[in-house]
Amino acid sequence: MNEEKRNLSLGGHVGFDSLPDQLVSKSVTQGFSFNILCVGETGIGKSTLMNTLFNTTFETEEASHYENAVRLRPRTYDLQESNVHLKLTIVDAVGFGDQINKDESYRPVVDYIDTQFENYLQEELKIRRSLFNYHDTRIHVCLYFITPTGHSLKSLDLVTMKKLDSKVNIIPIIAKADTISKSELHKFKIKIMSELVSNGVQIYQFPTDDEAVAEINSVMNAHLPFAVVGSTEEVKVGNKLVRARQYPWGVVQVENESHCDFVKLREMLIRVNMEDLREQTHTRHYELYRRCKLEEMGFKDTDPDSQPFSLQETYETKRKEFLGELQKKEEEMRQMFVNKVKETESELKEKERELHEKFEHLKRIHQEEKRKVEEKRRELEEEMNAFNKRKLAVETLQSQSLQATSQQPLKKDKDKKNFFSLPSACSITSGRHVN
Ligand code: GTP
Ligand code: MG
């Protein structure tokens, strides 16, 4: 394992000293991508600064102050300088700081950064990945535009920068620095840096480990946050045309280092540290995102005994866990189904019993009614028979009396009297009529 490497000297020129040139040539052919996120309140000068930085005019439209929420607007441009192609994406946080409630203002920005990381991770995890020609949209730098109040940072600035500092390289800049006096600017810079430190906000530090740039980078680190002025307007100063902002009392030259830090920003951002920003994004911020995401998914590098754990093993363990869980869920579902069926069955039985009871009750009522009707019918029949009998008796008596009258006319009145004195016959007849 610890086999010592031997240093050998070559007998002649072999040619691997051209490796860096090969790399350069390959990278140049491939082209580069660089993504800048501009966060700052509406109208703070984001678009003007981008135009000034890249010395071109990017298509921009003014944002309104009435956005309901912060919205991220990415725009990609193909730029070329000498034979180097740069795919530049400028992402604007539209509507930042315009809402009455700014509690959630940072969230869309964080989500956007995470989405770009997630897209890259998904590409990496593909079986057939094509990272070679993948358009990398991960944010390499966030230019945080600070309003030149001369006082201190707003809580929105501190909260947003704090939320972003583990996800992106933040370079804070004081925008519209021509609106603040030299002595105020000096104090403002110190105040901002001390507030960032006391709130634990990690801003991007220009790297000092590479000898070639260590000196300039450490000097520039001391100048943070850069106070910048943006302008695409050209003004004649002496016999030269320079980019400047002209006021009734004088001219602010964008590229004059005694007027503002624009040149410092351009040097640091584009000419010296662009590759470091890209590298930091990949090796620090993306790595952190990837690690957290894979851990969240249950992947680990070591098992509980701190032994190395391969991806294959993790996958197998996860698969087993998943299958076990699936079986458990299946069993639960089956049990639930059986219980439900049993419940429904007993409910149905109860309903059937109730119906049966109802039926029996109704049957009993019906039989009782029937019995009563029968009884009534029988009584009525008896009454009818009795009446018929009486009627017959009366008719017989009538016919007998008629016969007797015809034979003994003298006895007629007496018989008549007898007939009408029959109270029961009379009342029965009248009673039947009433009924
Ligand atoms: P939105 O995209 O609408 O949020 O605005 P923005 O942040 O892109 O600002 P933009 O670049 O459109 O500039 C807004 C106004 O500020 C314009 O009138 C610019 O001329 C002016 N402006 C830009 N930069 C500076 C600067 O450095 N100093 C001063 N004084 N004004 C500036
Ligand atoms: Mg703009």
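Residues numbered from 1 in each chain as written. Chains lettered and ligands numbered in written order. Predicted model: local features only at pLDDT ≥ 70, side-chain atom pairs only at ≥ 80, totals over all residues. Heavy atoms only, no water.

What about the packing of aromatic side chains?
Put simply, the test is: Classification of ring pairs rests on two measures: the distance between centres of Phe, Tyr or Trp rings, Trp counted by its six-membered ring, which must be within 6.5 Å, and the angle between planes, read as stacked under 30 degrees, edge-to-face over 60 and tilted in between. Only protein chains enter the accessibility calculation, which uses a 1.4 Å probe; a residue is then buried when its area is under 20% of its type maximum, exposed when over 50%, and partly exposed in between. Secondary structure is summarised from DSSP: a helix means a run of H or I of at least four residues, a strand means a run of E of at least two, and numbering begins at the N terminus for each. We call a charge positioned above a ring when the Lys NZ or Arg CZ atom is no farther than 6 Å from the ring centre and deviates by at most 35 degrees from the ring normal.
Tallied over the entire structure, the rule returns ten aromatic pairs. Judged by centre distance (5.5 Å) and plane angle (85 degrees), the rings of Tyr-204 and Phe-206 are edge-to-face. Overall, Tyr-204 belongs to the buried group, its relative accessible area being 4%. Given the relative accessible area of 2%, Phe-206 is considered buried. Summarising the aromatic geometry, the rings of Phe-206 and Phe-226 are spaced 6.0 Å apart at their centres and angled 15 degrees between planes, so their arrangement reads as stacked. With Phe-206 in the loop between helix 5 (182–198) and helix 6 (211–221) and Phe-226 in strand 6 (residues 226–227), the pair connects residues that are 20 residues apart, well separated along the chain. Taken individually, Phe-206 and Phe-226 each receive the classification buried, so the pair is uniform in this respect. Aromatic rings pair up to connect Phe-117, Tyr-120, Tyr-134, Tyr-286 and Tyr-289 into one cluster. Here the guanidinium or amino end of Arg-138 rests over the ring plane of Tyr-120, the centre of that ring lying 3.5 Å away.

Quick word on the site of ligand 1
Let me state the cut-off plainly: Any residue with a non-hydrogen atom lying within 4 Å of a molecule or strand is treated as near it. Two N or O atoms count as a polar contact when they lie within 3.5 Å, although within protein this holds only if one can serve as hydrogen donor and the other as acceptor, and sequence-adjacent residues are included solely when both atoms are side-chain atoms. Surface accessibility in these figures is a Shrake-Rupley result with a 1.4 Å probe; residues are shielded only by whichever protein chains are displayed.
Taken together, 16 residues surround ligand 1, and among them Lys-46, Ser-47, Thr-48, Ala-63 and Asp-178 come closest. One of the backbone nitrogen or oxygen atoms of Gly-45 is found 3.0 Å away from an oxygen atom of ligand 1. Ser-47 has a polar side-chain atom sitting 2.7 Å from an oxygen atom of ligand 1. Look at ligand 1: alone it shows 640 Å² of surface, and the protein chains cover 76% of it. Only helix 2 (46–54) and strand 8 (240–247) provide two or more residues apiece to the shell around ligand 1. With three residues, the single largest contributor to the shell around ligand 1 is helix 2.

Section: the nonpolar core
Rules: Nine residue types can take part in a nonpolar core, namely buried Ala, Val, Leu, Ile, Met, Phe, Trp, Tyr and Cys, and a core is a set of them joined through side-chain atoms within 4.5 Å. Between two residues, a contact is recorded if the distance between any of their heavy atoms is within 4.5 Å.
Counting 74 residues, the largest nonpolar core has Leu-143, Ile-171 and Leu-265 as the members making the most contacts within it. Not counting residues within four places of it along the chain, the set of residues in contact with Leu-143 comprises Ile-36, Leu-37, Cys-38, Val-39, Leu-49, Met-50, Leu-53, Ile-171, Ile-173, Leu-265 and Leu-269.

Let's talk about the confidence of the model for the chain
Quick reminder of the rule: Predictor confidence is given residue by residue as pLDDT, running from a minimum of 0 to a maximum of 100.
Mean pLDDT over the chain works out to 87, with 92% of the residues at or above the 70 mark. Ranking the elements of the chain by mean pLDDT puts helix 11 (residues 423–434) last, at 46, and strand 4 (residues 141–146) first, at 96. Residue range residues 424–435 is modelled with pLDDT below 50. Its contacts to residues more than four positions away, or to other chains, number five contacts.

A short note on the pattern of salt bridges
For clarity, the cut-off: Salt bridges are defined as contacts in which a side-chain nitrogen from Lys or Arg sits within 4 Å of a carboxyl oxygen from Asp or Glu.
Taken as a whole, this structure holds 28 salt bridges when the rule is applied. Here Arg-266 and Glu-255 are joined by a salt bridge, their closest N and O atoms 3.1 Å apart. Placement of the pair is Arg-266 in helix 7 (residues 262–272) and Glu-255 in the loop between strand 9 (250–253) and helix 7, with a sequence separation of eleven residues. The buried category is assigned to Arg-266, whose relative accessible area is 12%. Residue class for Glu-255 comes out partly exposed when judged on its relative accessible area of 38%.

Brief notes about the pairing of strand 3 (residues 84–94)
To be explicit about the condition: In short, DSSP must find at least two bridges between two strands for them to pair.
Burial analysis of strand 3 places eight of its eleven residues in the buried class, the great majority of the element. Sheet topology places strand 1 (residues 32–39) next to strand 3; seven bridges connect them, and they run parallel. From the neighbouring strand, Phe-34 faces strand 3, where its bridge partner is Leu-88. Taken together, the eleven bridges between strand 2 (residues 71–81) and strand 3 define a ladder with antiparallel strand orientation. Paired with Tyr-77 across the two strands is Leu-88, which belongs to strand 3.

Considerations on the sheet that holds strand 9
Going by this rule: Where helices are involved, their axes are fitted lines through C-alpha atoms of the stretch in contact, as for all axes, and angles between N-to-C directions lie from 0 to 180°.
If you walk across this open sheet you meet the three strands as 7-8-9, and the pairing is antiparallel. The sheet terminates laterally at strand 7 (234–237) and strand 9, the two strands that pair on one side only. Averaged over all pairs of adjacent strands, the angle between strand axes in this sheet comes to 70 degrees, irrespective of strand direction. Alignment of strand 7 against strand 8, held across four bridges, turns out to be antiparallel. Looking across to strand 8, one finds that Val-235 is bridged to Val-242.

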